[in-house]
Amino acid sequence: MSPRPTKYIFVTGGVMSSLGKGLASASIGALLEARSLGVTFLKLDPYLNVDPGTMNPFQHGEVYVTEDGAETDLDLGHYERFTNARLGKVNNMTAGRIYDSVLSKERRGDYLGGTVQVIPHVTDAIKEAILAAGQDADVILVEIGGTVGDIESLPFLEAIRQFRADAGRENCCFIHVAPVLYQSTAGELKTKPVQHSVKELQTVGLAPDIILCRTDRFLSKAIKAKIALFCNVDEDAVITAKDVDSIYEVPLTFAKENLDEKIAQVLNMWTGRPDLRHWERLHNTRRNTERVIRIGMIGKYVDLTESYKSLNEALYHGGFACAADVQIEYFDSEKLIDAKVLSELDGILVPHGFGSRGVEGKIRAIRFARENEIPFLGICFGMQLACCEFARHVAGLEGANSTEVDPDTPHPIIALLPGQEEIEDKGATMRLGAYPCVLQPGSKSAEAYGTTEISERHRHRYEFNPEYRDRLQRAGLLFSGSSPDGRLAEVIELPSHPFFVASQFHPEFKSKPFDPHPLFEAFVRAAGKRQSAQAAKRGTASGAASGAAAAE
Ligand code: GLN
């Protein structure tokens, strides 16, 4: 238990979505951690789904999986990447889950015949969730999803209004994120949307202590003074949250605006100055990299890169580790007929996925990577399809497939294991969360990790069918990672290929900018090597070759 009382920071958003509230919360967490405070997070989502696990990635972006197997909002990914907070089920709560718990209690008779109402029953459940998530931290950042003014946000806003009275005014800080828009015809920055959204907050009894203004340019002192005056906050509580090139610049931008100082003041916390050297180093590394490594991502949700958030970040982190900028190019697997379009890439990644759409395109891409010695990383579905591709084209098992894609395949390389077939519910019935895995000594994966005992997070229903293990092994596939009992295949690789590794788990969830995930680092390094070799072959680009020295 922390010796100090927990402090609560509530982050709301106004006017529109996609203001980067999640990143703002993560960045504030990073700044407070840099002041030696223990931080944690809670994302409150106003929708009625019990968790985001069953939501369409087109609508909702990535489903982020925690160690304890919760399928959560992608903002939890930002929080974990930016800080040392270890998050789980208690750190993401949807209105659906809150109502679910209230209704279960009602059915059990816990309310003793009372009328069950939004206030106090739903609001109490929300307050309990906040207390539970924050209990061991110095500071908890509670981000309210959605936009102030939405009907469905109301119970959450009411709950945090009450929370301030319960926890004490000096222990709560309200931060409101809203856009300050540049109106090009008038040539002016417009503060009205901010004013209106603060007014909206006031109608539910909330007043922000700090306003984070999302904008594409710095706010002058005069604009800040105007916002302060009309929104009833201190002038130094109006913060410019300017667009930046990389999300990893946000903590530094906020620090320059003294945001963390202001928060410490509002919460009456004594802390030392923040130590931001690691963020500065990261920023400098990024600024000084000239080398670009091109990775092709062969997926289904190519128009919405939010669906591959953690993967994208893990690739960038891999780039940080070898002083290179990773450029991700998305290919729609449904349209991938001739895999030759991939020949200029330095590496190919086939990500997670569900269902049969676009599968053959992914298999073509995997085959192309395997036959042309292009570094390949397969994640989850990507690993399953790599097994199918190998079975079909190397082990001679024609028509090999996953039963998810082709229930009548003659060779069910990937299938539901006995006991799994009966499951009917879709929500939270996959293999979820962290599982241990043992790596084969001397394999590329063991070499990358520098150890043979690892633990990684999963989110899938189907598994490699153990009946085919010997057959594929004899044909040259190495099962380099398995569950400790040896039953489940967790990592495969091709020893004869420069880098062909695929995992049943999702390594991307554990990658951090300061601690790039070993598999992504190894993959990007291998891609860099191929790039140098190709450049040397063409006899051009001495620059690329010398840049390569840094990467290897
Ligand atoms: N659809 C596959 C399964 O459920 C893979 C899931 C994934 O890629 N996350 O097993």
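Note: the structure precedes this text.
Note that the structure is a prediction, hence the values are computed from the model and not measured.

Honestly, the packing of helix α12 (residues 309–321) against helix α17 (residues 518–538) in this entry has me stumped. Any pointers?
Helix-helix packing: each pair is described by the crossing angle between the helix axes and the interaxial distance. Contact geometry for α12 and α17: axes closest at 8 Å, N-to-C directions at 65°. When you trace α12 past α17, the crossing you get is right-handed. Along the contact surface, α12 presents L311, A314, L315, G318, G319 and A321, while α17 presents F520, E521, F523, V524 and R525. Grouping the constituent residues of the contact of α12 with α17 by class yields seven nonpolar, two polar and two charged.

Could you clarify how one ought to interpret the sheet that holds strand β7 (residues 172–179) in this entry?
Whenever strands of a sheet pair, they do so through backbone hydrogen bonds, lying parallel or antiparallel. Spatially, seven strands are ordered β5-β2-β6-β1-β7-β10-β11 in an open sheet, and the strand pairing comes out parallel. Sheet topology places β5 (92–94) and β11 (238–242) at the edges, where each strand pairs with a single neighbour. Averaged over all pairs of adjacent strands, the angle between strand axes in this sheet comes to 20°, irrespective of strand direction. Direction of pairing for strand β2 (residues 39–45) relative to strand β6 (residues 139–144): parallel, over a ladder of six bridges. By the bridge assignment, V39 is partnered in β6 with V139. Across the sheet, helix α5 (residues 118–134) lies against β1 (7–13), β2, β5 and β6, angled at about 155° from β2, the strand it touches most. Running at roughly 155° to β1, helix α6 (residues 154–167) makes contact with β1, β2, β5, β6 and β7 of the sheet.

Would you explain a nonpolar patch on the surface in this entry?
Taken together, the side chains of V15, M16 and L181 make up a nonpolar region of the molecular surface, amounting to roughly 230 Å² of accessible area. On the secondary structure map, M16 appears in the loop between β1 and α1 (21–33).

Looking at this structure, I do not really get the packing of α1 against helix α3 (residues 75–82). What am I missing?
With their axes 9 Å apart at the nearest point, α1 and α3 run at an angle of 20° to one another. Taken together, α1 and α3 sit at an angle that is classed as roughly parallel. Note that α1 runs across α3; the crossing there is right-handed. Counted together, G22, L23, S25, A26, S27, A30 and E33 of α1 and D75, H78, Y79 and F82 of α3 form the full contact between these two elements. Split by residue class, the contact of α1 with α3 holds five nonpolar, four polar and two charged.

I keep staring at helix α13 (residues 359–371) and nothing clicks. Help me out?
Because an α-helix completes one turn every 3.6 residues, residues spaced three or four positions apart along the sequence face the same direction. Compared with the 18 Å implied by 1.5 Å per residue over 13 residues, the 18 Å span of α13 between its first and last C-alpha is a close match. By the burial criterion, the buried members of α13 are V359, G361, K362, I363, A365, I366, F368, A369 and R370. Looking one or two residues beyond α13, the residue adopting positive phi is E373, at roughly 55°.

Sorry if this is basic, but what is going on with unusual backbone geometry here?
Residues apart from glycine generally show negative phi values, whereas peptide bonds are mostly found in trans. Omega for the peptide link from I119 to P120 comes to 15°, which places this bond in the cis form. Looking at the secondary structure, you find P120 in helix α5. A positive phi angle is found at S18, which is not glycine, with a value near 60°. With respect to the helices, strands and loops of the structure, S18 is situated in the loop between β1 and α1. For S18, a relative accessible area of 72% puts it in the exposed group. In this structure, E373 is a non-glycine residue whose phi angle is positive, near 55°. With respect to the element layout, E373 can be found in the loop between α13 and β15 (376–379).

Hey, could you run me through helix α4 (residues 95–108) in this one?
Between its terminal C-alpha atoms α4 stretches 20 Å, which fits the 20 Å expected from 14 residues at 1.5 Å a residue. Among all positions of α4, only A95, G96, I98 and V102 are buried. Taken around the axis of α4, the buried residues stretch over an arc of 160°, which confines them to a single face. What points out from α4, more than 90 degrees from its buried face, is the exposed set R107 and R108. Packed against the buried residues of α4 are β2, β5, α5 and α6.

What's the story with the site of the ligand in this structure? I'm lost.
Close to the ligand lie H352, G353, F354, C380, F381, Q384, E404, R459, H460, R461, Y462 and H506. At a separation of 3.0 Å, an oxygen atom of the ligand approaches a polar backbone atom of F381. A distance of 3.3 Å separates a nitrogen atom of the ligand from a polar side-chain atom of H506. Protein chains bury 99% of the 290 Å² of accessible surface belonging to the ligand in isolation.

Explain the packing of aromatic side chains here, please?
Describing an aromatic ring pair means giving the distance of the ring centres and the angle of the ring planes. Inspection of the entire model under this criterion finds 13 aromatic pairs. With centroids separated by 6.4 Å and ring planes inclined at 10°, the aromatic side chains of Y8 and F10 adopt a geometry described as stacked. Comparing Y8 with F10, the two get one shared label, buried. An angle of 20° between the planes, with centres 5.5 Å apart, marks the rings of F82 and Y248 as stacked. Residue F82 is located in helix α3, and its partner Y248 is located in the loop between β11 and α9 (250–256); the two are separated by 166 residues in the primary sequence. The exposure classification of F82 matches that of Y248, with both residues buried. Ring pairing ties together the aromatic residues F82, Y248, W279, F320 and F514, which thus form one cluster.

For this particular structure, what's the right way to read the side chain of S25?
Assignment of secondary structure puts S25 in helix α1. Residue S25 is classed as buried on the basis of its relative accessible area of 1%. Those residues in contact with S25 that sit more than four places away from it in its chain are V11, F41, Y79, L141 and E143.

Cut-offs used in this document
- Residues numbered from 1 in each chain as written.
- Predicted model: local features only at pLDDT ≥ 70, side-chain atom pairs only at ≥ 80, totals over all residues.
- Heavy atoms only, no water.
- Axes fitted to C-alpha atoms, helices over the stretch in contact; angles between N-to-C directions.
- Helix = DSSP H or I, 4+ residues; strand = E, 2+ residues; numbered from the N terminus.
- Left-handed = near helix turned anticlockwise from the far one by under 90°.
- Contact = heavy atoms within 4.5 Å.
- Nonpolar A, V, L, I, M, F, W, Y, C, P; charged D, E, K, R; others polar.
- Pairing = 2+ DSSP bridges.
- Patch = residues over 30% accessible without salt bridge, like charges linked within 9 Å, V, L, I, M, F, W, Y side chains within 5 Å.
- Areas by Shrake-Rupley, 256 points an atom, 1.4 Å probe, with all protein chains shown as cover.
- Salt bridge = Lys/Arg side-chain N within 4 Å of Asp/Glu carboxyl O.
- Parallel < 35°, antiparallel > 145°, perpendicular 65-115°, else oblique.
- Expected span 1.5 Å × (residues − 1).
- Buried < 20%, exposed > 50% of the residue type's maximum accessible area, 1.4 Å probe, protein only.
- Arc of directions from axis to C-beta.
- Near = heavy atom within 4 Å.
- Polar contact = N/O pair within 3.5 Å; in protein donor to acceptor, adjacent residues only side chain to side chain.
- Phe/Tyr/Trp six-rings, centres within 6.5 Å; stacked < 30°, edge-to-face > 60°.

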